Amino acid sequence: MREITYLEAVREAMSQEMRKNEDVYILGEDIGVYGGAFGVTRGMIEEFGPERVRNTPISEAAIAGAAVGSALTGMRPILELQFSDFITIAMDQLVNQAAKLRYMFGGKGKVPMVVRTPAGSGTGAAAQHSQSLEAWMAHIPGLKVVQPSTAYDAKGLLKAAIDDDNPVIFYEHKLLYKTKSHVPEEQYSIPLGKADIKREGKDVTIVATAIMVHKALEAAKELEKEGIDVEIVDPRTLVPLDEETIVESVKKTGRVVVVHEAVKRGGYGGEIASVIAESEAFDYLDAPIKRLGGLPVPIPYNPNLEKAAVPQVPDIIKAVKETVQFK
Amino acid sequence: MSNHALPAFITDERLVELYKQMWLIRYFDEKVDQFFAKGMIHGTTHLCVGQEATAAGSIAVLQEKDKITSTHRGHGHCIAKGATVDRMMAELFGKVTGYCKGKGGSMHIADVEKGNLGANGIVGGGIPLAVGAALTSKMKNEGYVVLCFFGDGAANEGSFHESLNLASIWDLPVVFICENNQYGMSGSVKEMFNIENIADRAQAYGIPGKVIDGNDMLEVMNTVYEAVEHARSGKGPVLIEAKTYRWKGHSKSDAKKYRTREEEQEWRKKDPIKRFKEYLIDKGVLTEEKAEQLREEAFQEIEDAVKFAENSPEPSVDTLLEDVYA
């Protein structure tokens with residue numbers, strides 16, 4: 001099977017759907033001839049034209065609201081928010097409008113839209129362009145939250161997100177854009193709410209999201225040398241969350257480390273840890289649940305400081321060893 | 001009262017219906033006011049007594065396929081867009097027969113199928129939604145116009161600026177109608193704006209701006225009709241500022257310390273219903289007797305709506321989690 005990048009997979013998922021469904025269109029800042037800040041939409045305006053690849057002014061509130069209003073009236077918009085940090089400026093439209101309209105209206109109307117947005121640190125863009133704010137959105141009933149970690153997952157999950165009749169926040173990790181994996185050429189869908197076991201193992205479970213899946217895989221390779229067999233569960237979607245796959249894995253291994261890039265305090269890892277603690281897996285735990293997340297600090301500019309602010313492979317190795325060695 | 005030529009579908013018969021509709025709007029909100037005073041409805045509400053002409057007049061000139069977005073002070077818009085007062089009252093009572101099955105309340109009444117995209121509890125929150133709905137009309141070539149209501153308070157939200165610019169650069173079929181009722185909660189327009197007319201901001205977006213007497217039914221109908229057809233023809237949005245006044249306080253807890261009795265009395269003299277009645281009688285399409293009869297009919301319809309609401313069942317707690325997701 002051919003290999004393409006995560007970025008190409010996202011673009012392909014959009015383009016294939018737009019060829020099939022006239023109601024699907026994309027709007028966002030600099031997504032026209034510029035091709036988007038990260039190049040995801042490059043070539044799309046040439047294929048689909050400026051009516052369906054809508055280059056917008058720098059007006060996050062209005063373009064988010066325009067996406068909601070057009071979704072409510074029959075379109076299926078994909079909104080590219082240039083950096084996920086800018087969700088702060090679009091927040092009213094996503095949290096108070098998109099997420100709630102259907103419920104407030106007594107079940108009438110629906111808001112089928114996708115907000116695609118690059119998240120995470122590692123590019124040296126500092127505090128206002130490097131955050132991982134997914135826990136905010138996961139907190140809001142009415143929204144769905146997706147965090148693909150591979151090109152294969154990105155394509156299938158984006159197809160499912162576009163097909164979904166609800167507002168879906170689709171986080172793309174910037175450092176994953178250039179990563180490659182096997183991706184079928186034809187359209188396929190990965191159901192929202194289905195976790196993926198990225199590596200099978202028997203000694204300890206790591207529940208990791210987005211780029212941390214890759215760091216966990218690296219850590220697992222090192223740990224294997226020391227005879228520790230790691231299982232890695234990638235939830236892929238935070239809302240809905242595949243609790244069953246996580247709980248089953250922990251029941252099997254009896255030990256678990258939860259890792260994400262977002263700040264640990266109030267991060268989604270707390271939710272995952274709680275799900276485990278409240279489940280039947282609690283009785284199977286041979287060690288306390290361990291959480292790894294970003295430090296409570298804005299992402300700094302200096303590369304060494306930036307790296308130190310979020311979990312790295314050695315941190316994961318250390319956490320796993322502590323968990324495994326717990327008596 | 002101005003006397004322009006009205007669009008052809010505004011027949012004399014329709015004008016008389018609109019007169020009754022204005023009373024229906026007024027009595028609906030008067031009744032709700034009484035219920036709140038007696039503690040018979042919980043939550044909060046925002047009443048549009050005194051603003052009936054901006055709701056009834058501007059929606060009267062729309063076609064059935066046209067859509068509206070409304071505000072927290074939206075009961076009048078809902079009635080004018082064809083909502084039935086019994087289901088509206090039931091919603092305020094939190095009953096399952098209400099427009100939102102009792103889950104939305106006063107600030108969230110919507111009737112998406114009828115083109116009412118909802119009242120909105122966030123000041124300025126509905127403006128971008130209107131732009132999006134207008135974008136659908138343009139992209140799907142559906143030919144409808146969106147009439148976007150908001151108040152003077154919302155004109156100082158960022159969403160106002162972003163939305164008007166976006167609608168303008170994309171030539172979208174949307175008419176922005178600012179019901180300037182002089183106060184955003186307690187904030188007077190004199191205190192919160194350094195310009196005379198909010199509609200003057202239109203030139204900043206390269207679109208037409210019009211200031212009208214929002215208590216003059218005919219001026220409202222004529223101006224909105226012209227604006228809606230301008231937007232429908234592909235020439236882009238228009239901003240209308242309708243100067244009006246809310247007779248009641250902002251919401252149920254308002255002691256109205258920020259304005260004077262004299263000011264309130266001055267505006268009561270400009271009662272839009274009274275002025276419209278005088279026009280219709282003068283035009284020979286309405287008599288005092290008929291006017292009185294219509295007023296009484298409207299009163300009775302609200303009484304019946306109350307009975308319907310009172311006799312409707314409460315939503316089952318089992319329905320709590322329904323409709324969060326489609």
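Each value, and the rule that gives it
Residues numbered from 1 in each chain as written. Chains lettered and ligands numbered in written order. Predicted model: local features only at pLDDT ≥ 70, side-chain atom pairs only at ≥ 80, totals over all residues. Heavy atoms only, no water. UniProt positions renumbered as here; feature names shortened; annotations may be inferred. Contact = heavy atoms within 4.5 Å. Buried area = accessible area lost by both parts, 1.4 Å probe. Salt bridge = Lys/Arg side-chain N within 4 Å of Asp/Glu carboxyl O. Polar contact = N/O pair within 3.5 Å; in protein donor to acceptor, adjacent residues only side chain to side chain. Helix = DSSP H or I, 4+ residues; strand = E, 2+ residues; numbered from the N terminus. Nonpolar A, V, L, I, M, F, W, Y, C, P; charged D, E, K, R; others polar. Pairing = 2+ DSSP bridges. Axes fitted to C-alpha atoms, helices over the stretch in contact; angles between N-to-C directions. Parallel < 35°, antiparallel > 145°, perpendicular 65-115°, else oblique. Left-handed = near helix turned anticlockwise from the far one by under 90°. Domains from an automatic or database assignment. Buried < 20%, exposed > 50% of the residue type's maximum accessible area, 1.4 Å probe, protein only.

Under an unreviewed UniProt entry, the name given to chain B is Pyruvate dehydrogenase E1 component subunit alpha, and the organism recorded is Aeribacillus pallidus. Quoted verbatim from the Subunit (unreviewed entry) field of UniProt, the annotation for chain B is "Heterodimer of an alpha and a beta chain." The UniProt entry for chain B carries this comment under Function (unreviewed entry): "The pyruvate dehydrogenase complex catalyzes the overall conversion of pyruvate to acetyl-CoA and CO(2)."

Chain A goes by Alpha-ketoacid dehydrogenase subunit beta in an unreviewed UniProt entry, where it is assigned to Aeribacillus composti. According to the UniProt record, the Cofactor (unreviewed entry) comment for chain A is "thiamine diphosphate".

Our next topic: the interface of chain B and chain A. Contact with chain B, which involves 38 residues of that partner, is made by 45 residues of chain A. Here chain B and chain A share an interface that buries about 3300 Å² over both sides, 63% of which is from carbon and sulfur atoms. Sorting the residues of chain B by area buried against chain A places Met139, Glu162 and Tyr325 of chain B first, and these three jointly supply 19% of that buried surface. Counting the contacts that link chain B with chain A gives one salt bridge. In this structure, aspartate 23 of chain A engages lysine 140 of chain B in a salt bridge whose closest nitrogen and oxygen atoms are separated by 2.6 Å. Here chain B and chain A share 13 residue pairs in polar contact (both at pLDDT 80 or more) between them. For the side of chain B that touches chain A, the elements supplying multiple residues, two or more each, are helix 5 (126–139) and helix 6 (158–169) of chain B. In terms of residue count, the dominant contributor to the side of chain B that touches chain A is helix 5 of chain B (eight residues). Class assignment of the residues belonging to the side of chain B that touches chain A gives a composition of 20 nonpolar, nine polar and nine charged.

Residues and elements named next belong to chain B. One open sheet holds the five strands; their spatial order is 1-2-3-7-6, and the pairing between them is parallel. Of all the strands in the sheet, the pair left with one neighbour each is strand 1 (67–69) and strand 6 (209–213). Strand-to-strand twist of the sheet, defined as the mean angle between neighbouring strand axes without regard to direction, takes the value 20°. Bridge count for strand 1 against strand 2 (residues 146–151) is three bridges, and the pairing is parallel. Along strand 2, the bridge assignment pairs isoleucine 68 with leucine 147. With respect to the sheet, helix 2 (residues 52–60) is in contact with strand 1, strand 2, strand 3 (174–180) and strand 7 (238–243), its orientation differing from that of strand 2 by roughly 165°.

Let us look at the UniProt feature "domain: Transketolase-like pyrimidine-binding" (unreviewed entry) in chain A. As annotated by UniProt and renumbered to match this structure, "domain: Transketolase-like pyrimidine-binding" (unreviewed entry) occupies residues 4–179 of chain A. Across residues 4–179 of chain A, helical content stands at 38% and strand content at 18%; the span's end C-alpha atoms are separated by 8 Å.

Residues and elements named next belong to chain B. Put simply, helix 1 (residues 12–37) and helix 4 (residues 85–92) touch, their axes get as near as 12 Å, and they point 20° apart. Relative to helix 4, helix 1 is oriented roughly parallel. Handedness of the helix 1/helix 4 crossing: right-handed. Of the residues in helix 4, those touching helix 1 at Leu24, Phe28, Lys31, Val32 and Phe35 are Val85, Met88, Met89 and Leu92.

Further remarks concern the domain arrangement of chain A. Residues and elements named next belong to chain A. Examined at the domain level, chain A breaks down into domain 1 (3–182) and domain 2 (196–325). Inter-centroid distance (C-alpha atoms) of domain 1 to domain 2 is 26 Å. Tallying the contact residues gives 25 residues for domain 1 and 23 residues for domain 2. Summed over both partners, the interface of domain 1 with domain 2 buries about 2000 Å², with 60% contributed by carbon and sulfur atoms. Considering only the surface of domain 1 that becomes buried against domain 2, Ser121, Gln147 and Ser149 emerge as the three largest contributors, covering 23% of it. Seen at the junction of domain 1 and domain 2, the total is two salt bridges. Residues lysine 198 and aspartate 153 are paired through a salt bridge, measuring 2.6 Å at the closest nitrogen-oxygen approach. Run the count over domain 1 and domain 2 and you get 13 residue pairs in polar contact (both at pLDDT 80 or more). Grouping the amino acids of the side of domain 1 that touches domain 2 by side-chain chemistry returns eleven nonpolar, eleven polar and three charged.

Another point: the pattern of salt bridges. Think of it this way: side chains of opposite charge can pair up when their charged atoms draw near. By the definition in use, this model includes 52 salt bridges over all chains. Of the charged contacts, one joins aspartate 234 of chain A and lysine 198 of chain A as a salt bridge, the two residues approaching to 3.2 Å between their closest N and O atoms. Remark: lysine 198 of chain A occurs in strand 9 (residues 196–199) and aspartate 234 of chain A occurs in strand 11 (residues 230–234); sequence separation between them is 36 residues. Owing to a relative accessible area of 0%, aspartate 234 of chain A belongs among the buried residues under this scheme. As a salt-bridge pair, glutamate 278 of chain B and lysine 274 of chain B come within 3.5 Å of each other at their nearest N and O atoms. Highlighted residues: glutamate 278 of chain B and lysine 274 of chain B, both in helix 11 (residues 272–283), separated by four residues, approximately one helical turn. In this structure glutamate 278 of chain B comes out as partly exposed when scored by relative accessible area, which is 43%.

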